[in-house]
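Residue strings, one per chain:
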Amino acid sequence: MTVSLEVAEGVGTLRLDRPPMNALDIATQDRLKELAEEATRREDVRAVVIYGGERVFAAGADIKEMQDMDHTAMVLRARALQDSFTAVARIPKPVVAAVTGYALGGGCELALCADYRIAADNAKLGQPEILLGLVPGAGGTQRLPRLVGPSKAKDLIFTGRMVKADEALAIGLVDRVVPAAEVYEQAHAWAARLAQGPALALRAAKESIDTGLETDIDTGLAVERNWFAGLFATEDRERGMRSFVEEGPGKAKFL
């Protein structure tokens with residue numbers, strides 16, 4: 001399989017494995033969607049790492065495959081392409097991308113679907129679709145400006161240029177840059193820490209933030225308000241407050 005889901009200690013690793021560059025062909029896209037939905041359902045998966053291996057995250061779509069597609073074929077395929085990435089973005093659990101080597105085109109768009117991005121110091125990211133006479137088609141025109149702002153997103157999308165890890169960090173495209181050998185380890189540690197947290201509260205936080213970014217503030221506040229009140233019905237809330245009162249902050253155990 002070109003994508004696998006491996007689970008250990010509450011962390012599910014979505015691993016891309018299509019050598020040499022993890023090109024995201026149709027079969028890989030469909031498998032990614034299937035496993036993202038599995039990670040959403042599984043109670044033993046409490047946080048997720050997206051990883052392409054030690055050498056490359058994903059160098060984009062399979063251009064040879066796309067070259068043979070005409071307008072009609074892509075009209076029929078474009079929604080499924082977006083849906084595969086949206087399935088990752090909508091995993092209601094903390095998701096971190098561990099980015100090594102190239103994350104270009106669809107690879108960059110996949111990293112954008114994570115909540116947090118840890119990049120190797122040798123990583124290169126970009127949206128080069130314009131160089132093919134195209135625009136990003138898996139969410140890049142929407143998620144990138146929401147992350148880095150419209151001007152920086154337009155610069156990257158209009159020019160198709162790649163940015164190195166240091167510039168990616170400076171513009172907010174990634175959140176942490178570490179030595180290449182430490183990328184997966186640090187991403188897994190980030191996920192493992194959150195896997196020990198209150199699952200429903202983390203889900204509430206993610207949904208409230210994401211919904212608020214996609215709608216007006218009054219709707220976002222309503223979502224936050226409903227989640228805030230609803231969490232008072234959970235055992236995690238009781239455990240967290242009791243621990244705070246009896247032991248002080250940060251001592252609660254949620255598993």
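Since we're looking at a predicted model, the values are computed, not measured.

Caption draft 1: Highlighting the packing of helix 5 (residues 140–148) against helix 6 (residues 150–159). Direction vectors running N to C along helix 5 and helix 6 enclose 135°, while the axes themselves pass 7 Å from each other. With respect to each other, helix 5 and helix 6 are oriented oblique. With respect to the hand of their crossing, helix 5 and helix 6 are arranged in right-handed fashion. Contact with helix 5, carried on its side by Gly 140, Thr 141, Leu 144, Pro 145 and Val 148, involves Pro 150, Lys 152, Ala 153, Leu 156 and Ile 157 of helix 6 and no other residues of that element. Across the contact of helix 5 with helix 6, the residue classes tally to seven nonpolar, two polar and one charged.

Caption draft 2: Region of the structure containing the sheet that holds strand 8 (residues 162–164). Strand order in this open sheet of three strands is 5-7-8, and the pairing throughout is mixed. Only two strands of the sheet have a single neighbouring strand rather than two, namely strand 5 (102–104) and strand 8. Geometrically, the sheet is characterised by an average inter-axis angle of 20° between neighbouring strands, direction not taken into account. Here strand 5 pairs with strand 7 (residues 124–126) via three bridges, running parallel. By the bridge assignment, Tyr 102 is partnered in strand 7 with Lys 124.

Caption draft 3: Broad picture of the pattern of salt bridges. Scanning all chains against the criterion turns up 14 salt bridges. Asp 83 is the salt-bridge partner of Arg 79, the closest N and O atoms lying 3.2 Å from each other. With Arg 79 and Asp 83 both in helix 3 (residues 71–89) and four residues apart, this pair spans about one turn of that helix. Judged by relative accessible area, which is 28%, Asp 83 ranks as partly exposed. Within this structure, Arg 18, Asp 25 and Asp 62 form a network of salt bridges that share partners.

Each value, and the rule that gives it
Residues numbered from 1 in each chain as written. Predicted model: local features only at pLDDT ≥ 70, side-chain atom pairs only at ≥ 80, totals over all residues. Heavy atoms only, no water. Axes fitted to C-alpha atoms, helices over the stretch in contact; angles between N-to-C directions. Helix = DSSP H or I, 4+ residues; strand = E, 2+ residues; numbered from the N terminus. Parallel < 35°, antiparallel > 145°, perpendicular 65-115°, else oblique. Left-handed = near helix turned anticlockwise from the far one by under 90°. Contact = heavy atoms within 4.5 Å. Nonpolar A, V, L, I, M, F, W, Y, C, P; charged D, E, K, R; others polar. Pairing = 2+ DSSP bridges. Salt bridge = Lys/Arg side-chain N within 4 Å of Asp/Glu carboxyl O. Buried < 20%, exposed > 50% of the residue type's maximum accessible area, 1.4 Å probe, protein only.

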